[in-house]
Amino acid sequence: QDFDNATPLPANNPFMTNNLGSVVLRKRMTSIGRFSLKSESETNLSIPTFFLALSGSKKPDSNDASANTTAVGTSQSTKNTFTVNDFESTWMNSDMPSRHPRFHSTVSRHDDRFFEETHHVKAATTENDGNDKKETNLQIKAELDRHASETMHFSVYREDLRNRVENMLTSPIEVAEKLWEVKISSGAIGSSGAISKVKSEAITTRQQISNEISALKRQPTKGRLWKDAVGDTKPMESVLLFRSHHALADGASIMAALSDLCDEAEDIRSDIEAELQKWKRGKQGKKGVLRRLISRFMRLVKFMLWITLGSARSALYQVWLQLTTRTNPFDAVKQDAEKKGLAMSGQRAISWCDACPLDEAKRMTQILSKASGSNITVNDLFVSCISAAVTRQLIEHEEFMAPVDAHSRKRVARNINVCIPVHLRGGVILPNESLGNRIGAFVTRVPGEMTHDARGGGTPTCPSERLVKVHQSLKRSKQSPAPFLSHYVAKFCSDYLPEQWTKNIFQRANCNACVAISNNRGYKDKIHMNGMTVESAHGFLPLPPGIPIGVVVQSYAGVMSLSVTAEKWAVPDPDKFL
């Protein structure tokens, strides 16, 4: 297309349309992205939500005159807080429009199989010598003002943030206008609850010590007041509350892509590249040509057997779960809540917390693995804890519904089904790749009520017994191709089946699971954005239709954290649940 002569674009080209000097490019949406649009309902929107909490001081801006002055009166509100301007400059300096152009896409109003990207047309230019002429090119139109906004900080500890997270999970996004948004606010550290009280007190103590050391080093300067009088400031926090539609990408990919905004982005990309090279060298080894060919052939045979036999076994297991789990244990709870007028459709119970140090969880799994003779993982440990919490929640509901005969246990099952989403790339974005929906899932059966639970705690071996059974169940499912099967079944449904059929299949595929549990592995060290430290990060799972509870297990900077998203009739007190 000759943009220099302003020739109208071809009317019959569905992938490129002219729009007041800009160009709109159409790109086909991933099948999983379209599946999220077709399978969501009014009360179960597919909108992953998370927040990042930052503290500390920003990098000095050499272009900002205030950064080079030390006189009293210099505003510290922008030095210790992260603003919308900071977000926009960090976004553009990290070259996000080129690295991940899908962030600047919208769903086409005319055909929801496509994304649309608006680009500026940069006209051809002639060099000074008049000979060389650069070609016309396109530059993506960022329009970050549509995505990033500043809002009032949270005034009521945890409750305000809880309400905003709930609102973001349950309010629809107009996908034809934008696919994501971030709301930024700043205030006194610890005021929102995004950073725990323990962490806030530690940060405040460090700041006080720093202020005292600075006071001892103060030197008067000629013609001005104390050179570092601005150092006596209380620490601040900035909360970045994100949400995005699943059509853009899965939650793990969003988090991985946003790591390109952090100061350690180059190191993270280098680490991923190094791991890939290490994996490739491990596969090649020091074998001869013939041995490498034989090795590849044997891997291919094993892979085909794994796909064939594993797929058949996974399909039969799914059918067995369907036939043996005719109802969800929470169905009776919902019916009772509806009779009492307590079942408010679309409302969410929200909570989050730091659970324990990662090293402590690893030591625990090592001890239990040695005792049981199994290779128990941290994921096994937390799935076991969550299944126990779900069971105790059901027992509490039963006691509330039938206080006279509370221990008859007519509705609390001895086994419950759990749904485990799985990122097919391990939660990372490979070099030269952008956002995507590389996610699958599997359903497995774990212990529900055990004899010890009914007795109110019981013997010390009860948690260990549950953990071993959970480990065995998860191991079978994780070693199967079930996550890949679910991924391709979802693609098929998105591409070829009517929307209502897709919704029904999606709801039935969870096999009346009580809870969805997502495990996200974060960075082992704290990362920084524009010099400020990311002190905490918590994600919230959008509830799939038919599943009343969603839990995210996440590790970051050596700390395991939990967050819960649940129907309010299913989990009346989410803090107690965690």
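Model, not experiment: these values are computed from the prediction. Here, residues in each chain are numbered from 1, in the same order as that chain's written sequence. Predicted model: local features are reported for residues with pLDDT of at least 70 only, side-chain atom pairs are reported and counted for 80 or more only, and whole-chain, interface and lining totals are derived from all residues. Calculated side-chain values reflect all of the structure's heavy atoms, with hydrogen atoms and water omitted.

Participant: Honestly, the pattern of salt bridges in this entry has me stumped. Any pointers?
Facilitator: When the charged atoms of two side chains lie near each other, side chains of opposite charge can form a pair. One speaks of a salt bridge when a side-chain nitrogen belonging to Lys or Arg is within 4 Å of a carboxyl oxygen belonging to Asp or Glu. Within the structure shown, the criterion is met by 24 salt bridges. Of the charged contacts, one joins Arg243 and Glu181 as a salt bridge, the two residues approaching to 2.6 Å between their closest N and O atoms. Of this pair, Arg243 sits in strand 11 (residues 236-244) while Glu181 sits in strand 10 (residues 180-188); the two residues are 62 residues apart in sequence, bridging distant segments of the chain. Across the pair, Glu181 and Arg243 agree in class, each one buried. Taking the shortest distance from any N to any O, the salt bridge between Glu266 and Arg269 comes out at 2.7 Å. Taken together, the positions of Glu266 and Arg269, both in helix 7 (residues 265-284) and three residues apart, correspond to about one turn of that helix. Exposure categories follow from relative accessible area, calculated using a 1.4 Å probe and restricted to protein chains: below 20% of the type maximum is buried, above 50% is exposed, and the middle band is partly exposed. Judged by its relative accessible area of 48%, Glu266 falls in the partly exposed class. A relative accessible area of 24% places Arg269 in the partly exposed class. Linked by salt bridges that have partners in common, Arg158, Glu159, Arg162 and Asp575 make up one network. What counts as a helix is a DSSP run of H or I of at least four residues, what counts as a strand is a run of E of at least two, and both are numbered from the N terminus.

Participant: Can you help me understand the sheet that holds strand 13 (residues 415-423) in this one?
Facilitator: Pairing between the strands of a sheet comes from backbone hydrogen bonds, and it takes one of two forms, parallel or antiparallel. Two strands qualify as a pair provided DSSP detects at least 2 bridges between them. Reading across the sheet, the six strands line up as 12-19-18-15-13-14 and stay open at both edges, with mixed pairing between neighbours. A strand with exactly one partner marks an edge of an open sheet, and here the two such strands are strand 12 (348-357) and strand 14 (439-447). The sheet shows a mean angle of 20 degrees between the axes of neighbouring strands, taken without regard to direction. Inspection of the sheet shows strand 15 (residues 515-521) paired to strand 18 (residues 549-556) by seven bridges, in the parallel sense. Across the sheet, the residue bridging to Val515 is Ile549, located in strand 18. The strands touched by helix 11 (residues 378-401) within the sheet are strand 12, strand 13, strand 14, strand 15, strand 18 and strand 19 (559-567), with strand 15 carrying the most contacts at an inclination of about 150 degrees. The criterion used for residue contact is that any of the two residues' heavy atoms lie within 4.5 Å. Think of each axis as a best-fit line through the C-alpha atoms, taken over the contacting stretch in the case of a helix, with angles from 0 to 180 degrees between the N-to-C directions. Of the strands in this sheet, strand 13 and strand 14 touch helix 14 (residues 482-496), which is tilted by about 130 degrees from strand 14.

Participant: Looking at this structure, I do not really get a nonpolar patch on the surface. What am I missing?
Facilitator: A contiguous nonpolar surface patch, about 690 Å² in accessible area, is contributed by Leu290, Ile294, Phe297, Met298, Val301, Leu305 and Leu309. Assignment of secondary structure puts Leu305 in helix 8 (residues 289-324). A relative accessible area of 48% places Leu305 in the partly exposed class. Patches here: salt-bridge-free residues with over 30% relative accessible area, like charges joined within 9 Å, nonpolar side chains (Val, Leu, Ile, Met, Phe, Trp, Tyr) joined within 5 Å. Accessible surface area values rest on a Shrake-Rupley calculation with a 1.4 Å probe, where residue burial reflects the displayed protein chains alone.

Participant: Before we go on, may I ask you to explain helix 8 in this structure?
Facilitator: Every α-helix winds through 3.6 residues per turn, so residues three or four apart in the chain are directed the same way. A helix is expected to span 1.5 Å for every residue after the first. Over its 36 residues, helix 8 extends 51 Å from the first C-alpha to the last, a length consistent with the 52 Å expected when each residue adds 1.5 Å. Of all the residues in helix 8, the buried ones are Ser295, Gly310, Ser311, Ser314, Tyr317 and Leu321. Packed against the buried residues of helix 8 are strand 13, strand 14, helix 13 (462-478) and helix 14.

The values are spatial; any link to function lies outside them.
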